[in-house]
Amino acid sequence: MRHGVPMLAALLACAAGSAVALVGNAAFPLAVSAAAISLGAGLLVFWVFHSDPALFLLAQPCLFLTWETSPLLTFFFEAVLASALLFSMGLLHSKTDVAYSAVFLVVMGCMALLLSGQSHVFFPLAIFVPAAGLACLVVLGLAYRTMVRAGGGTQ
């Protein structure tokens, strides 16, 4: 399979699904235009510069609009995108990788369920962005400590 095809297919499914989910809503024209722009930019990225993280980020405006209709549908689309990103980057080879990804998706789903009463995504972002930054610092700190203890130093 050509590099980037799973991520492009996930972008297509999520952008189209987001627009279809907003049929009958006042944000439908905006969702259709966001989906069209995301798909156009996704095809451009796919043909010119193969970047799976860029394709992942291109789908986010569509999912931003879907939150108003259904946070759980947004979680489903985000789970599809995250799984496609992990697969296309080759990070789902072992059972441990799949288990970690499943735990991540379960936690993400629980948080979407808890925050489903919010009418906008500002509150979840205000919580998750700093939490993700702290988690990243903790992981980097643990990796540094492990490297230093193993005698590898900092290279």
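Before reading further, recall that the structure is shown in the block above.
Residues numbered from 1 in each chain as written. Predicted model: local features only at pLDDT ≥ 70, side-chain atom pairs only at ≥ 80, totals over all residues. Heavy atoms only, no water.

1. A closer look at the overall build of the protein chain
For the record, the criterion: Segments assigned H or I by DSSP are reported as helices when at least four residues long, segments assigned E as strands when at least two residues long, and all are numbered from the N terminus. Throughout, exposure labels follow a simple rule: accessible area from a 1.4 Å probe, protein chains only, divided by the maximum for the residue type, with under 20% read as buried, over 50% as exposed, and the rest as partly exposed. Two residues qualify as a contact provided that any one of their heavy atoms is within 4.5 Å of a heavy atom in the partner residue. Accessibility throughout is a Shrake-Rupley quantity obtained with a 1.4 Å probe, and a residue counts as covered only by protein chains that appear here.
If you tally the helices and strands in the protein chain, you get seven helices and zero strands. Listing every helix and strand of the protein chain by position from the N terminus yields α-α-α-α-α-α-α. Considered along the principal axes of its C-alpha atoms, the protein chain spans approximately 60 × 40 × 25 Å. Relative to its full complement of 155 residues, the protein chain shows a buried share of 30%. Restricting to contacts in the protein chain with at least 6 residues of sequence separation, those with at least 24 account for 67%. Carbon and sulfur atoms make up 77% of the accessible area of the protein chain, which amounts to about 9,600 Å² in all.

2. A short note on the packing of helix H1 (residues 5-21) against helix H5 (residues 71-88)
We apply this condition: What counts as an axis is a line fitted to C-alpha atoms, over the stretch in contact for a helix, and the angles between N-to-C directions run from 0 to 180 degrees. Each angle gets one of four labels, with under 35 degrees taken as roughly parallel, over 145 as roughly antiparallel, 65 to 115 as roughly perpendicular, and the rest as oblique. Classification used: nonpolar for Ala, Val, Leu, Ile, Met, Phe, Trp, Tyr, Cys and Pro, charged for Asp, Glu, Lys and Arg, polar for all others including Gly.
Viewed as axis vectors pointing N to C, H1 and H5 meet at an angle of 170°, and their least axial separation amounts to 9 Å. Considering their axes alone, H1 and H5 lie roughly antiparallel with respect to each other. Along its contact with H1, which presents Pro 6, Met 7, Ala 10, Leu 11, Ala 13, Cys 14, Gly 17, Ser 18 and Ala 21, the element H5 presents Leu 73, Phe 77, Val 80, Leu 81, Ala 84, Leu 85, Phe 87 and Ser 88. Split into classes, the residues belonging to the contact of H1 with H5 amount to 14 nonpolar, three polar and no charged.

3. Overview of a nonpolar patch on the surface
Just so we agree on the cut-off: Patch rule: a residue counts if its relative accessible area is over 30% and it has no salt bridge; like charges are joined within 9 Å, and nonpolar side chains (Val, Leu, Ile, Met, Phe, Trp, Tyr) within 5 Å. We count a salt bridge whenever a side-chain nitrogen from Lys or Arg sits within 4 Å of a carboxyl oxygen from Asp or Glu.
A contiguous nonpolar surface patch, about 590 Å² in accessible area, is contributed by Leu 43, Leu 44, Trp 47, Val 48 and Phe 49. Take Leu 43: it is sitting in helix H2 (residues 28-48). Taking relative accessible area as the criterion, Leu 43 reaches 34% and is therefore assigned partly exposed.

4. With respect to H5
Where we set the bar: Given a helix with a known number of residues, its expected span is that number minus one, times 1.5 Å.
Taking 1.5 Å of rise per residue, 18 residues should cover 26 Å, and H5 covers 25 Å from first to last C-alpha, within 8% of that figure. For H5, the full list of buried residues reads Pro 71, Thr 74, Phe 77, Glu 78, Ala 79, Leu 81, Ala 82, Ala 84, Leu 85 and Ser 88.

5. What to know about the packing of H1 against H2
Close contact between H1 and H2 brings their axes to 8 Å; oriented N to C, the two are set at 170°. Here H1 lies roughly antiparallel to H2, going by the angle between them. Counted together, Val 5, Leu 8, Leu 11, Leu 12, Ala 15 and Ala 19 of H1 and Phe 28, Ala 31, Val 32, Ala 35, Ser 38, Leu 39, Gly 42, Leu 43 and Phe 46 of H2 form the full contact between these two elements. Class assignment of the residues belonging to the contact of H1 with H2 gives a composition of 13 nonpolar, two polar and no charged.

6. A look at the nonpolar core
How we decide: What is meant by a nonpolar core is a set of buried Ala, Val, Leu, Ile, Met, Phe, Trp, Tyr and Cys residues, joined one to another through side-chain atoms within 4.5 Å.
In this structure, Met 7, Leu 55 and Leu 81 are the most contacted members of the largest nonpolar core, which totals 15 residues. Elements represented by at least two residues in this core include exactly H1, H2, helix H3 (52-58) and H5. In terms of nonpolar packing, the next biggest core, distinct from the first, is built from eight residues, Ala 19, Leu 22, Ala 31 and Cys 62 among them.

7. Brief notes about the side chain of Thr 74
Worth spelling out the cut-off: Polar contact criterion, stated in full: a pair of N or O atoms within 3.5 Å, where within protein one must be able to donate a hydrogen and the other to accept it, and residues adjacent in sequence count only if both atoms are side-chain atoms.
By the secondary structure assignment, Thr 74 is in helix H5. The buried category is assigned to Thr 74, whose relative accessible area is 8%. A distance of 3.5 Å separates the side chain of Thr 74 from the backbone oxygen of Thr 66, its partner in a polar contact. A polar atom in the side chain of Thr 74 sits 3.1 Å from the backbone nitrogen of Trp 67.

8. With respect to the environment of Ala 15
Within the fold, Ala 15 resides in helix H1. You can call Ala 15 buried: its relative accessible area is 2%.

9. Focus on the packing of aromatic side chains
The line we're drawing: Ring geometry is summarised as follows: Phe, Tyr and Trp rings, the Trp one being its six-membered ring, pair when their centres sit within 6.5 Å, and such pairs are stacked at plane angles under 30 degrees, edge-to-face over 60 and tilted between the two.
Counting across every chain of the model gives two aromatic pairs. Where Phe 76 meets Phe 77, the ring centres are 6.0 Å apart and the plane angle is 50°; that geometry is what we call tilted.

10. Some remarks on helix H6 (residues 95-114)
How we decide: An arc is given here, and it is the one of the directions from the helix axis to the C-beta atoms.
Relative to the 28 Å expected for 20 residues at 1.5 Å per residue, H6 spans 29 Å between its end C-alpha atoms, a close match to the ideal helical length. For H6, the full list of buried residues reads Ser 101, Leu 105, Gly 109 and Ala 112. For H6, the angular spread of the buried residues around the axis is 75°, confining them to a single face. Relative to its buried face, H6 has exposed residues pointing more than 90 degrees away, namely Lys 95, Tyr 100, Val 103, Val 106 and Leu 114. Packing partners of the buried residues in H6 comprise H5.

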